[in-house]
Amino acid sequence: MHNKYLNILGKLPEQTHRNFEVALTSLVEREDNNELRKNLSEILESDAEEKLRYAAFYGLSILYRRKKDISLLEKLVLHHESEFRDNATWPHLIVLYLKEKGIGRDVIRVIQKSYEAYLNIRHNAGIVHNFAETVISAIEDSDSKTQDTIKENWIEKAVEAIHDAIELDPNYAKYYCTKGRILAFTGDYIAARENIKRAIDIEDSSKSDYVVRLGNYQYYLLLVQSNQQKAELNNNLISNKKLIEQSKTEIDQKFKEVNIKNLEFLGFFAAIVSFTIGSIQIVNKQTFNQASSLIIVLFGALIAVFGGFGFVLHGWNKKSVPSLIVFVLGALIVLLTKIFTS
């Protein structure tokens, strides 16, 4: 049995090729897990060539991830890190391990590690996709501050990566779901739903985890629809708030204008009353010529005061020009009266 698995591992393509991981995943899916674990562990601890031992290590990591056996996965990675860290696919494998373990506060470091793997092996659709998927998963699980940091530094790279992954393998359903999640974060909810629906349509029903994959796609489809509704509601609230603030500003302005008009009328009325009372008192105590001169002066002074009152109310703007003219006119009346009666 030992030789059977050595033969399988020996026929695997080069580790940076997409089919290296696909073939090992297929092996995990079709073989008895206990038997596979036993034989791969024996090969890993044997004196077989490093290529075979690393393939056994990689196969075990896939097995532990699929079984969600995080403790065994962590033990496996830490035990063999110094031995296998120079392999080209090591950064990719470490990212998969950290994502399974839980990114936590190391979110930026995990993204950087994933990006490193992406840059080193850009012809491998799985590794390219993993970077894009790492970015959007980190965004979905982070607070708003971290989301802003990721959006500023990584979202454009993730968009580019998911396009590359689909171009390399256009028939892999999960890539479209990841693309939909990224598009939803950028606000393109229609395209996001279309991509996730495509993932649902083209998923391979013969896979052992077909139901699980379909459930994940449906979850993200509902999540996108929910986020779209939240965004639309938020936009409506913002729009209504702006309308309310605009209406309030207009009402305040109208109220201010009405108050100014009322004050102007009040000032004008007070001027008329003062002018009338003052004229009666002057006429009763002065000669006709003296009374006429004083009344004209009083009239000019009242006009000047009324103009100045309007200028104070409106301030220096277009509306204050008439008040300024009235003020100057009143001042001229007073000045000319004084000149002619001197």
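Everything below is about the structure printed above this text.
Participant: Would you take a moment to explain helix 3 (residues 33-44) for this structure?
Facilitator: Note on helix geometry: an α-helix contains 3.6 residues per turn, so any two residues three or four positions apart are oriented the same way. If you check helix 3, its first and last C-alpha atoms are 16 Å apart, about what 12 residues at 1.5 Å a residue would give, namely 16 Å. Within helix 3, the full set of buried residues consists of Leu36, Asn39, Leu40, Ile43 and Leu44. The buried residues of helix 3 occupy an angular sector of 140° when projected down its axis, which confines them to one face. The distance from a side-chain oxygen at the start of helix 3 to the backbone nitrogen of Asn34 is 3.3 Å, and the residue carrying that oxygen is Asp32.

Participant: How should the environment of Glu133 be read in this particular structure?
Facilitator: Within the element layout of this structure, Glu133 appears in helix 8 (residues 125-140). A relative accessible area of 11% places Glu133 in the buried class. When the C-alpha positions of Glu133 and Ser114 are compared, they lie 9.6 Å apart, and in sequence the two are 19 residues distant. Engagement of the side chain of Glu133 in a polar contact is seen with the side chain of Arg181, the distance being 3.3 Å.

Participant: Help me out: how do you make sense of the packing of helix 3 against helix 4 (residues 50-66) in this one?
Facilitator: When two helices pack together, you describe them by how their axes are tilted relative to each other and by the distance separating the axes. As a packed pair, helix 3 and helix 4 sit with axes 8 Å apart at the nearest point and diverge in direction by 145°. Considering the relative orientation of helix 3 and helix 4, their crossing is left-handed. Across the interface between the two elements, Asn33, Arg37, Leu40, Ser41, Ile43 and Leu44 from helix 3 touch Leu52, Arg53, Ala56, Phe57, Gly59, Leu60, Leu63 and Tyr64 from helix 4. Per-class residue counts for the contact of helix 3 with helix 4 are 9 nonpolar, 3 polar and 2 charged.

Participant: Help me understand the layout of surface pockets in this model?
Facilitator: Empty space left among the atoms is revealed by rolling a probe the size of a water molecule over them. If you add up the space inside the largest pocket, you get close to 1,500 Å³. Around the largest pocket, the lining is made up of 39 residues, and of these Leu96, Glu100, Tyr172, Lys174 and Arg213 lie nearest the centre. Looking at the lining of the largest pocket residue by residue, the class counts come to 12 nonpolar, 10 polar and 17 charged.

Participant: How do you make sense of the pattern of salt bridges when you look at a structure like this?
Facilitator: Note that side chains of opposite charge can pair when their charged atoms are close. Summed over all chains, the structure comprises 17 salt bridges. In this structure, Glu21 and Arg18 form a salt bridge, with 3.4 Å as the shortest nitrogen-oxygen distance. Residue Glu21 and its partner Arg18 are both found in helix 2 (residues 18-30); the two are separated by 3 residues, about one turn of the helix. The exposure class assigned to Glu21 is buried, which follows from its relative accessible area of 9%. On the accessibility criterion, Arg18 (16% relative accessible area) is buried. When the shortest N-O distance is used, the salt bridge between Glu160 and Arg122 registers 3.4 Å. One end of the pair, Glu160, is in helix 10 (residues 155-168); the other, Arg122, is in the loop between helix 7 (107-120) and helix 8, and 38 residues separate them in sequence. A relative accessible area of 42% places Glu160 in the partly exposed class. With relative accessibility at 38%, the residue Arg122 sits in the partly exposed group. If you follow the salt bridges from partner to partner, you end up with Lys99, Glu133, Glu140 and Arg181 in one network.

Participant: Just to check I follow, could you spell out helix 8 for this structure?
Facilitator: Between its first and last C-alpha atoms helix 8 spans 22 Å; for 16 residues at 1.5 Å apiece the expected length is 22 Å, and the two agree. Counting buried residues in helix 8 gives 15 out of 16 residues, a clear majority hidden from the surface. Where helix 8 starts, the residue carrying a side-chain oxygen 3.0 Å from the main-chain nitrogen of Gly126 turns out to be Asn124.

Participant: I'm lost on the packing of aromatic side chains in this one. Help?
Facilitator: Aromatic rings in a pair are described by how distant their centres are and how their planes are angled relative to each other. In this structure the tally under the stated criterion is 13 aromatic pairs. Aromatic side chains Phe57 and Phe84 sit 5.1 Å apart centroid to centroid with 40° between the ring planes, which places their arrangement in the tilted category. A residue pair is termed long-range when its members are at least 10 positions apart, and Phe57 in helix 4 and Phe84 in helix 5 (residues 70-84) qualify at 27 residues. We classify Phe57 as buried; its relative accessible area is 0%. An angle of 50° between the planes, with centres 4.7 Å apart, marks the rings of Tyr172 and Tyr175 as tilted. Each of the two residues, Tyr172 as well as Tyr175, counts as buried. Three or more aromatic residues link up through ring pairs in this structure, and these residues are Phe20, Tyr54, Phe57, Tyr58, Phe84 and Trp90. For Arg181, the ring lying beneath its charged end belongs to Tyr220, and the centroid distance is 4.1 Å.

Parameters and conventions
Within each chain, residue numbers correspond to sequence positions counted from 1 in written order. In keeping with the model being predicted, local features are shown solely for residues with a pLDDT of at least 70 and side-chain atom pairs are shown and tallied solely at 80 or more, while totals for entire chains, interfaces and linings include all residues. Only heavy atoms go into the side-chain values, all of them from the structure, while hydrogens and water stay out. Only DSSP runs of H or I covering at least 4 residues are called helices, and only runs of E covering at least 2 are called strands; the numbering of each starts at the N terminus. Each residue after the first adds 1.5 Å to the expected span of a helix. For every residue, the accessible area obtained with a 1.4 Å probe (protein chains only) is divided by the maximum for its type, and the residue is called buried under 20%, exposed over 50%, and partly exposed between those limits. Throughout, the arc means that of the directions going from the helix axis to the C-beta atoms. Distance and chemistry together define a polar contact, namely a pair of N or O atoms within 3.5 Å, with one atom able to donate a hydrogen and the other to accept it when in protein, and with adjacent residues in sequence counting only for side-chain atoms on both sides. To get an axis, fit a line to the C-alpha atoms, keeping to the stretch in contact for a helix; angles then go from 0 to 180 degrees between the N-to-C directions. A clockwise turn of the near helix away from the far one marks a right-handed crossing, whereas an anticlockwise turn of less than a right angle marks a left-handed crossing. Here, two residues are considered to be in contact whenever any of their heavy atoms come within 4.5 Å of each other. Only Asp, Glu, Lys and Arg are considered charged, only Ala, Val, Leu, Ile, Met, Phe, Trp, Tyr, Cys and Pro nonpolar, and every remaining residue, Gly among them, polar. Using protein atoms alone on a 1 Å grid, points that fit a 1.4 Å probe yet trap it form a cavity, whereas open point sets bounded by protein on both sides within 12 Å along at least five of seven lines form a pocket; residues with an atom within 4 Å of a point count as lining. Grid points are joined across faces, edges and corners, and a volume is the space filled by probe spheres set on the points. Only one rule defines a salt bridge in this text: a Lys or Arg side-chain nitrogen within 4 Å of an Asp or Glu carboxyl oxygen. Pairing of aromatic side chains here covers Phe, Tyr and the six-membered ring of Trp, requires ring centres within 6.5 Å, and sorts the geometry by plane angle: under 30 degrees stacked, over 60 edge-to-face, intermediate tilted. For a Lys NZ or an Arg CZ to count as sitting over a ring, it must be within 6 Å of the ring centre and within 35 degrees of the ring normal.

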